[in-house]
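Descriptive analysis of the structure
One-letter residues, chain by chain:
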Amino acid sequence: MRRIFIGDLHLQDSRPDITEGFIRFIREECLRCDELYILGDLFEAWIGDDERADLSERVAWELQRLRRPGKFFIRGNRDFLIGKEYCDLAGLTLLPDISEVRLGRSSAVILHGDLLCTADRKYQKYRRTVSNPFLQRCFLALPLSIRKRIAAGMRRKSRSENSVKPLELMEVSDSEVLRIMTARQCSVMIHGHTHRPLIRDYNTEIFQANSLYLPARRYVVGAWDKEFKYVRADGDEVKLITARLDGRYSL
Ligand code: LP5
Ligand code: MN
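Residues numbered from 1 in each chain as written. Chains lettered and ligands numbered in written order. Predicted model: local features only at pLDDT ≥ 70, side-chain atom pairs only at ≥ 80, totals over all residues. Heavy atoms only, no water.

Some points on the overall build of the protein chain
For the record, the criterion: Only DSSP runs of H or I reaching four residues or more are called helices, and only runs of E reaching two or more are called strands; each is numbered from the N terminus. Two things to know: the radius of gyration comes from C-alpha atoms, and the globule rule equals 2.2 Å times the number of residues to the power 0.38. Burial here depends on accessible area, computed with a 1.4 Å probe over protein chains only, as a share of the maximum for the residue type. Under 20% is buried, over 50% is exposed, and the range in between is partly exposed. Any two residues whose heavy atoms approach within 4.5 Å at even a single point are treated as in contact. Surface exposure here means Shrake-Rupley accessible area, sampled with a 1.4 Å probe, where a residue is shielded only by the protein chains that are shown.
A count of helical and extended segments in the protein chain gives eight helices and twelve strands. In terms of overall size, the protein chain behaves like a compact globule, its C-alpha atoms giving a radius of gyration of 18 Å where 251 residues would be expected to give roughly 18 Å. C-alpha atoms of the protein chain, sized along the principal axes, occupy 55 × 40 × 30 Å. Residues classed as buried in the protein chain amount to 48% of the 251 residues present. Nonlocal contacts in the protein chain, meaning residues at least 24 apart in sequence, comprise 69% of its contacts between residues at least 6 apart. In the form shown here, the protein chain has an accessible surface area of approximately 12400 Å², with 53% of it arising from carbon and sulfur atoms.

In structure tokens, the structure reads:
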């Protein structure tokens, strides 16, 4: 069973090269896999399923006609408003923010990754606020033009705050990583969000459901640009692959 994990594509009209690269990836790489997991931030910013934009419709169409792999989606901090309507259009199964997938002998916990940045108190407080269903309903009831203006204002504010935030604050907290992996009995974690792809080994063994202890290992997928990194798992053989938008792949 081959599974592919990607995230942080940040698809937007100003980067048609990434959209084309993603479509190529779907048509070539994803055709050879059984399951595709999109770990959030598929789009640069999502203001509601009712915004019928050419970009998101094209992406939905390409994903929908990809018959073979199962397609799963976890929301990111840019597209947490993606709902059932868009997922149905794209043939995506919407998964909870923290989910699990079995990889051969081990289990993996998968998530966008923003929940792991617990040192960034201000962000976590903001996240709790915008996760409020009532606030989301009020936002979605606004005219699209106003929603666009608010989203642009939030992006500006986020960019300006991030430019002065210390990097340690925006990094994931290892204690939170191990807390989640232990609680869920998953020796593998796969996420994105930080845009700093890596493989991190921990000196901690995690009890697996099948009575095995396996060392904890965390994989971070990268943001999409001319080059990007994604995770491919064949059974429990997991690799972080470097790929290019033009379709040339290497390990
Ligand atoms: O996204 P990125 O990489 O810049 O930074 C994130 C965190 N920032 C965010 C904010 C998003 O970028 C905004 C996306 C808009 C989505 C669509 C709108 C839907 C609205 C629905 C309302 C119910 O997630 C950033 C982290 C960083 O990752 C690293 O982890 O640090 O966190 C922040 O910047 C949080 C700030 O500290 C405070 C939040 C700024 C927004 C405040 C609202 C102001 C409203 C202004 C309106 C005109
Ligand atoms: Mn993110």
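A word on the nonpolar core
For clarity, the cut-off: For the purposes of this section, nonpolar cores are sets of buried Ala, Val, Leu, Ile, Met, Phe, Trp, Tyr and Cys residues that join through side-chain atoms within 4.5 Å.
Of all hydrophobic cores here, the largest spans 36 residues; its most connected members are Ile6, Leu11, Phe22, Ile38, Phe43, Leu63 and Trp224. For this core, the secondary-structure elements that each account for two or more residues are β1 (2-6), α1 (16-27), β2 (35-38), α2 (54-64), α3 (84-90), β10 (227-234) and β11 (237-244). The contact partners of Leu63, leaving out residues within four places of it in the chain, are Phe22, Ile26, Leu36, Ile38, Lys71, Ala90 and Leu92. Ile74, Leu103, Val221 and Leu240 belong to the second largest nonpolar core, which has 18 residues in total.

Side note on the site of ligand 1
We apply this condition: To be near a molecule or strand, a residue needs just one of its heavy atoms within 4 Å of it. Polar contact criterion, stated in full: a pair of N or O atoms within 3.5 Å, where within protein one must be able to donate a hydrogen and the other to accept it, and residues adjacent in sequence count only if both atoms are side-chain atoms. Buriedness of a pocket was judged along seven lines, with at least five required to meet protein on both sides within 12 Å; pockets are open sets of points on a 1 Å grid over the protein atoms alone, cavities are sets where a 1.4 Å probe fits but cannot get out, and lining residues have an atom within 4 Å of a point. A pocket or cavity is taken to hold a molecule when more than half of that molecule's atoms are within 2 Å of the pocket's grid points.
If you check the shell around ligand 1, you find 20 residues, and the closest are Asn77, Arg78, Glu161, Lys165 and His193. Asn77 places a polar side-chain atom, nitrogen or oxygen, 2.8 Å from an oxygen atom of ligand 1. Arg78 is positioned with one of its side-chain polar atoms (N or O) 2.6 Å from an oxygen atom of ligand 1. Protein burial of ligand 1: of its 1100 Å² of free accessible surface, 84% is covered by the chains. Comparing atom positions with the cavity grids shows ligand 1 to sit within the largest pocket. Counting only elements with at least two residues in the shell around ligand 1, the list comes to α4 (121-130) and α6 (144-162).

Here we look at empty space enclosed by the protein
What counts, and what does not: Grid points are joined across faces, edges and corners, and a volume is the space filled by probe spheres set on the points. Gly falls in the polar group here, along with every residue not listed as nonpolar (Ala, Val, Leu, Ile, Met, Phe, Trp, Tyr, Cys, Pro) or charged (Asp, Glu, Lys, Arg).
Scanning the entire structure with this criterion turns up one cavity of 30 Å³ or more. A volume near 40 Å³ is recorded for the largest cavity. What lines the largest cavity is simply Arg75, Asp97, Leu111, His112, Gly113, Asp114, Leu115 and Arg127. Taken together, the residues of the lining of the largest cavity sort by class into two nonpolar, two polar and four charged.

A few points about the pattern of salt bridges
Rule in force here: When a carboxyl oxygen of Asp or Glu lies within 4 Å of a side-chain nitrogen of Lys or Arg, that pair is called a salt bridge.
A full pass over the atoms with the stated rule returns 33 salt bridges. Two residues, Arg147 and Asp50, come together in a salt bridge whose shortest N-O distance is 2.8 Å. With Arg147 in helix α6 and Asp50 in the loop between β2 and α2, this pair connects stretches of sequence that are 97 residues apart. For the salt bridge of Lys239 with Glu237, the shortest nitrogen-to-oxygen distance reads 3.0 Å.

Overview of the coordination of the manganese ion (ligand 2)
Under perfect tetrahedral coordination by four donors, a metal shows angles of 109.5 degrees; under perfect octahedral coordination by six donors, it shows angles of 90 or 180 degrees. How we decide: Donors, by definition, are the N, O and S atoms found within 2.8 Å of a metal, the threshold being 3.2 Å for Na, K and Ca, and water is not counted, so a site can look incomplete.
Within the protein, the manganese ion (ligand 2) binds to Asp41 (OD), Asn77 (OD1), His112 (NE2) and His193 (ND1); these donor distances fall in the range 2.1 to 2.3 Å. Read N to C, the donor residues that coordinate the manganese ion (ligand 2) are spaced as D-x35-N-x34-H-x80-H. Here His193 lies in the loop between β7 (188-191) and β8 (198-207) and Asn77 lies in the loop between β3 (70-73) and α3, a separation of 116 residues in the sequence. Taken as a pair, Asn77 and His193 share a single burial class, namely buried.

Describing the pairing of β2
Going by this rule: When DSSP finds at least two bridges between two strands, those strands are taken to pair. By convention, orient the strands away from the viewer: a clockwise path from the first strand over the helix to the second makes the crossover right-handed.
Burial along β2 is two-sided: Glu35 and Tyr37 and Leu36 and Ile38, pointing in opposite directions, are all buried. In this structure, β1 lies alongside β2, joined through four bridges in parallel fashion. From the neighbouring strand, Ile6 faces β2, where its bridge partner is Ile38. Crossover handedness for the path β1 to α1 to β2: right-handed. Strand direction decides the pairing type here: β2 and β3, joined by four bridges, are parallel. Considered in β3, the bridge of Glu35 is made with Gly70. Between β2 and its parallel partner β3, the chain crosses via α2, and the hand of that crossover is right-handed.

Overview of the layout of surface pockets
Roughly 1200 Å³ of volume is contained in the largest pocket. In terms of lining, the largest pocket is formed by 37 residues, of which the most central are Asn77, Arg78, Tyr126, Arg155 and Ser158. Those elements that place two or more of their residues in the lining of the largest pocket are α4, α5 (133-141), α6 and α7 (167-170). Here the lining of the largest pocket takes nine residues from α6, the largest share from any one element. Considering only enclosed or pocket space, the second largest pocket measures out at about 400 Å³ in volume. Lining the second largest pocket are 17 residues, and of these Gln12, Glu44, Ala45, Trp46 and Glu51 lie nearest its centre. Of all the elements in the fold, those that place two or more residues in the lining of the second largest pocket are α2 and α6. For the lining of the second largest pocket, the element with the highest residue contribution is α6, accounting for five residues. Considered class by class, the residues forming the lining of the second largest pocket number nine nonpolar, two polar and six charged.

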